[in-house]
Amino acid sequence: MTVPQFSFAAHNHDAPIEFKKPIIKTGEKSTLQKLIDATKPGDTLLLEGRVYRGSVTINKPITIQGVEGTEIHSLATALTIADSEQVRLENLLFNAEETAIVATNMSDLMFNDVRIVNAHAGIIITDSEKIQLHNVTIEGREGHFKTKNHAVAMYNSKNVTVTNSAISDVLDGLYLESVDGIELHENTVKNSRYAMHFMYSDNINLTNNTLVHNMTGFMIMIGKNLTLTDNIVTKNNTLNSLGVYFYDVEQVVFKRNMLSENTVAMDVQNTKKMVATQ
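Residues numbered from 1 in each chain as written. Predicted model: local features only at pLDDT ≥ 70, side-chain atom pairs only at ≥ 80, totals over all residues. Heavy atoms only, no water.

### Some words on the confidence of the model for the chain
Here is step 1: Here the chain shows a mean pLDDT of 91. Residues at 70 or above account for 89%.
Here is step 2: For the stretch residues 1-13, pLDDT sits under 50, and the model shows 30 contacts to residues farther than four places along the chain or on other chains.
Here is step 3: When the criterion is pLDDT under 50, residues 16-20 qualifies, and its contacts beyond four places in sequence or with other chains add up to eleven contacts. (pLDDT = per-residue confidence, 0-100. Contact = heavy atoms within 4.5 Å.)

### Description of the packing of aromatic side chains
Here is step 1: Scanning the entire structure with this criterion turns up three aromatic pairs.
Here is step 2: Between the aromatic rings of Phe246 and Phe254, the centroid separation amounts to 6.3 Å while the plane-to-plane angle is 85°, which identifies the pairing as edge-to-face.
Here is step 3: On the basis of relative accessible area, Phe246 is assigned to the buried category, the value being 0%.
Here is step 4: Phe254 gets classed as buried once you look at its relative accessible area, which sits at 6%.
Here is step 5: In this structure, Arg50 is placed above the aromatic ring of Tyr52, and the distance from its NZ or CZ to the ring centre is 4.0 Å. (Phe/Tyr/Trp six-rings, centres within 6.5 Å; stacked < 30°, edge-to-face > 60°. Buried < 20%, exposed > 50% of the residue type's maximum accessible area, 1.4 Å probe, protein only. Lys NZ or Arg CZ within 6 Å of the ring centre and 35° of its normal.)

### Describing the nonpolar core
Here is step 1: With 63 residues, the main nonpolar core has Ile81, Leu89, Phe94 and Ile101 as its most contacted residues.
Here is step 2: Here this core takes eight residues from strand E8 (residues 99-117), the largest share from any one element.
Here is step 3: Once you skip the residues sitting within four places of it in the chain, Ile101 turns out to touch Leu79, Ile81, Leu89, Phe94, Phe111, Val114, Ile116, Gly122, Ile123 and Ile124. (Core = buried A, V, L, I, M, F, W, Y, C linked by side-chain atoms within 4.5 Å. Helix = DSSP H or I, 4+ residues; strand = E, 2+ residues; numbered from the N terminus.)

### Points about the pairing of strand E21 (residues 242-255)
Here is step 1: In the sheet, strand E19 (residues 216-229) pairs with E21 via eleven bridges, with the strands oriented parallel. From the neighbouring strand, Thr216 faces E21, where its bridge partner is Leu242.
Here is step 2: Inspection of the sheet shows E21 paired to strand E23 (residues 264-269) by five bridges, in the parallel sense. Counted as the bridge partner of Tyr245 is Asp267 from E23.
Here is step 3: The pairing of E21 with strand E24 (residues 272-277) spans five bridges and is classified as parallel. Bridging across to E24, Val253 finds its partner in Val275. (Pairing = 2+ DSSP bridges.)

And the structure:
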């Protein structure tokens, strides 16, 4: 069977993925995993506006699309996506006791209008490429951030774009380790430990993000080729809070960022080739 082709656009955040095969509609008595299993590669599975319970797995190129009221609830990890490409999630709410979504060894992965509530961890992605998160909302549980996990964590991946997303009440808003090629634009993170935390990551572009009421706004350690433009980093003002922290990075462009009401605006250590302008 020929799988319909679609392309990934690194800088076109709203580029649609077109599937031309028929939409499969669900039956009230069918479990979500059975519906996924019955969906052929390249098809779109349209879910009803109700709660689906249990943990499910995707390992083929499909779209899962919800409507108003579509929710996936799990007492463990709600969704595992592995060893595939061209998977798209749209208009879904996840409520999981452990992790909402885990993805491994993926290419061309897109989440659009996805909301995650009450999960211990939001999204964990490893060994993947061409990842787009657009209009994703992640709301953590009540309590101190030490009792929580990251909203979005990515490891050993490349070509990541996150836009127009809102994160609150988590450990780190976005934690990216060993990731190459990062575009984060027009996101909001509040009430976290580190709003955006980067380790061993290169080629990072951060634009028009708002980081407020975190312990630290940008935490960037051991990386190169960074551009931070037109971001707002404000009210990160607990005892040891920082607006921006650079450690052991090089080739930094820092333009037109607003740092206000932070305990310390910026801490720069062991950093080379940095250009900072208003």
